Amino acid sequence: MESKPNGVSTLWCFVALFIVAVVLNYCWEISQSLLFVGMKYNKAMWWHCFVASLGDGILVWIIYLTVWAAFRQSNWFVHLGGSHYGVMLAAGLVMGVAIEWVALHILNRWAYTEQMPLIPGLAIGLAPVLQMLILPPVIFSIVAAWAKRRIAHANQSSGPNLDRS
């Protein structure tokens, strides 16, 4: 992948986004697991949540690509603006609702316990939809902070040597 003038390559962005997305989504998946029928704290639950978090990492990539396509800027998350947030949240909402509705009502992939708060009119869980609204801004903010540090380090390394000794 090409290296960007600001010191952050597209490959680096993809890897960093995926790692942060998987870690944060894994925590979310674990925390909401007891809202799903058949999920108990056991080895199978930990593995199931890990696999789900890998899928969530791919969803974050899709959000990244959606905003990139909308603004034609690969490092859009480094300087987030209101319109970036709007597209990010819209993509997260559409994906969260669509995936949850299809998995629940068409594919019968899971069921909820009585503790799962439901979105009225859609009869889908609020927690998994909120996951795609709350975590992406956090994920992109963390990766943006990493990117800014990489950029600052690259600029320091390539700057003139001011050591007079």
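Throughout, a residue's number is its position along its own chain's written sequence, starting from 1. Only residues with pLDDT of at least 70 get local features here, since the model is predicted, and only at 80 or more are side-chain atom pairs given and counted; chain-wide, interface and lining totals rely on the full set of residues. For side-chain calculations, the full set of non-hydrogen atoms in the structure is used, while hydrogens and water are omitted.

What follows concerns the packing of aromatic side chains. Side-chain rings of Phe, Tyr and Trp (the six-membered ring for Trp) are treated as a pair once their centres are within 6.5 Å; stacked means planes under 30 degrees apart, edge-to-face means over 60, and tilted covers the remaining angles. Summed over the entire model, instances satisfying the criterion amount to 14 aromatic pairs. The interplanar angle of 40 degrees and the centroid separation of 5.7 Å between the aromatic rings of Trp 47 and Phe 50 together place this pair among those described as tilted. Here Phe 50 and Trp 47 lie together in helix α2 (residues 43-71), a separation of 3 residues that amounts to about one turn. The buried label goes to any residue with under 20% of its type's maximum accessible area, the exposed label to any with over 50%, and the partly exposed label to all in between, with areas taken from a 1.4 Å probe on protein chains only. Given the relative accessible area of 57%, Trp 47 is considered exposed. On the accessibility criterion, Phe 50 (30% relative accessible area) is partly exposed. The helix count covers DSSP runs of H or I at least four residues long, the strand count covers runs of E at least two residues long, and both are numbered beginning at the N terminus.

Attention shifts here to the side chain of His 84. Residue placement: His 84 occurs in helix α3 (residues 82-106). The contact criterion used throughout is that any non-hydrogen atoms of two residues lie within 4.5 Å. Excluding residues that lie within four positions of it along the chain, His 84 makes contacts with Val 67, Phe 71, Gln 73, Trp 76 and His 79.

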